[in-house]
Amino acid sequence: MENCVYFKDTFFSSGKTDIFNSEQQKRGVLDLKSAFSSGVSIEDESGRVIVEGSFPFLSGKWVVKQPDGKEFGVVKSSFAFFSKKYRYMTNEQNYEIEAPAFSKEYIILDENKAEVATFKKVNGFFQASAYELKHNSNHLLTEELIAVVMGVNAIEKRNSSSAGAGAGSSGS
């Protein structure tokens, strides 16, 4: 797949949505499995699943894997003041994913602080979020990075829904 792609979440976070290149040519499909499970799969142009991503049962970590179950890596939230931070940990390397607190633009850095990829929400007001992903990595597949982006999106959705649920609790 190409180094610059566009894809979107759906309003109810379920169903299939196309992945496009910068020339608006279809390059694959993002399958948002269910509004209740947060799982995704990324298919190539022929419909073959290349990468999957999901939360394991009762886990806050997003696992990125091949269809046969072999793990590419894990996305998890990292604590940060006044910014958004995540880590993508693979067998070969760890990557930092960060953005300023209210920004919709993220950068993915390798262990040497070199830029591997950027992604940003390109819309989302009264509609589903769409993303632009650009990368220059020889170590990470475009499909793998799409699953990482959707993992960050799923973690943020989960965090915002749990923050709203705890707003009225006494904390005892």
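As the structure is a computational prediction, the values presented were derived from the model and not from experiment. (Residues numbered from 1 in each chain as written. Predicted model: local features only at pLDDT ≥ 70, side-chain atom pairs only at ≥ 80, totals over all residues. Heavy atoms only, no water.)

Brief notes about the overall build of the chain
Here is step 1 of the chain: Each helix and strand counted, the chain has one helix and 12 strands in total.
Here is step 2 of the chain: Sequence-ordered secondary structure for the chain, helices as α and strands as β, is β-β-β-β-β-β-β-β-β-β-β-β-α.
Here is step 3 of the chain: For the chain, the residues scored as buried account for 44% of the 172 residues in total.
Here is step 4 of the chain: Considering only contacts within the chain whose residues lie at least 6 apart along the sequence, 28% involve residues at least 24 apart. (Helix = DSSP H or I, 4+ residues; strand = E, 2+ residues; numbered from the N terminus. Buried < 20%, exposed > 50% of the residue type's maximum accessible area, 1.4 Å probe, protein only. Contact = heavy atoms within 4.5 Å.)

Concerning a nonpolar patch on the surface
Here is step 1 of the chain: Taken together, the side chains of Phe79, Phe81 and Phe82 define a hydrophobic patch exposed on the protein surface, amounting to about 500 Å² of accessible area.
Here is step 2 of the chain: Topologically, Phe82 is positioned in the loop between β7 (71-78) and β8 (83-90). (Patch = residues over 30% accessible without salt bridge, like charges linked within 9 Å, V, L, I, M, F, W, Y side chains within 5 Å. Areas by Shrake-Rupley, 256 points an atom, 1.4 Å probe, with all protein chains shown as cover. Salt bridge = Lys/Arg side-chain N within 4 Å of Asp/Glu carboxyl O.)

Thoughts on the sheet that holds strand β2 (residues 15-21)
Here is step 1 of the chain: The antiparallel closed barrel is built from 12 strands, whose spatial order is β1-β2-β3-β4-β5-β6-β7-β8-β9-β10-β11-β12. Averaged over neighbouring strand pairs, the angle between their axes works out to 20° when direction is ignored. (Pairing = 2+ DSSP bridges. Axes fitted to C-alpha atoms, helices over the stretch in contact; angles between N-to-C directions.)

Regarding the environment of Tyr95
Here is step 1 of the chain: Here Tyr95 is to be found in strand β9 (residues 94-100).
Here is step 2 of the chain: In this structure Tyr95 comes out as buried when scored by relative accessible area, which is 2%.
Here is step 3 of the chain: When the C-alpha atoms of Tyr95 and Ile108 are compared, they prove to be 6.4 Å apart, with 13 residues separating the residues in sequence.
Here is step 4 of the chain: Tyr95 has contacts with Tyr86, Arg87, Tyr88, Thr90, Ile108, Leu109, Asp110, Val116, His139 and Leu140, leaving out every residue within four places of it along the chain.

Comments concerning the packing of aromatic side chains
Here is step 1 of the chain: Enumeration over the complete set of coordinates arrives at seven aromatic pairs.
Here is step 2 of the chain: Centre to centre, the rings of Phe81 and Phe82 are 6.3 Å apart; their planes meet at 40°, and the pair counts as tilted. One exposure class covers both Phe81 and Phe82, and it is exposed.
Here is step 3 of the chain: Seen in terms of ring centroids, Tyr88 and Tyr95 are 6.2 Å apart; in terms of plane orientation they differ by 25°. Their pairing is stacked. (Phe/Tyr/Trp six-rings, centres within 6.5 Å; stacked < 30°, edge-to-face > 60°.)

Let's talk about the side chain of Glu144
Here is step 1 of the chain: Here Glu144 shows up in helix α1 (residues 142-165).
Here is step 2 of the chain: We note that Glu144 is buried and unpaired, the nearest opposite charge coming from Lys70 at a distance of 10 Å.
Here is step 3 of the chain: If near-sequence neighbours (up to four positions away) are discounted, Glu144 is found in contact with Val51, Val64, Phe72, Tyr88, Thr90 and His139. (Lys, Arg positive; Asp, Glu negative; His and termini not counted.)

Brief notes about the side chain of Glu96
Here is step 1 of the chain: Note that Glu96 resides in strand β9.
Here is step 2 of the chain: Ignoring anything within four residues of it in the chain, the contact list for Glu96 reads Lys85, Tyr86, Arg87, Ile107, Ile108, Leu109 and Lys113.

Here we look at the pairing of strand β3 (residues 26-32)
Here is step 1 of the chain: The buried fraction of β3 is high, at five of seven residues.
Here is step 2 of the chain: A loop of four residues connects β2 with β3, the two strands running antiparallel in sequence, and Gln24 in this loop sits at a positive phi of about 60°.
Here is step 3 of the chain: Where β3 meets strand β4 (residues 40-43), four bridges bridge the pair, whose relative direction is antiparallel. Bridged to Val29 within β4 is Glu43.

Observations concerning the confidence of the model for the chain
Here is step 1 of the chain: Of all residues in the chain, 87% have pLDDT values of 70 or greater, and the mean over the chain is 86.
Here is step 2 of the chain: Within the model, the stretch residues 166-172 combines pLDDT values under 50 with zero contacts to residues more than four positions away or in other chains. (pLDDT = per-residue confidence, 0-100.)

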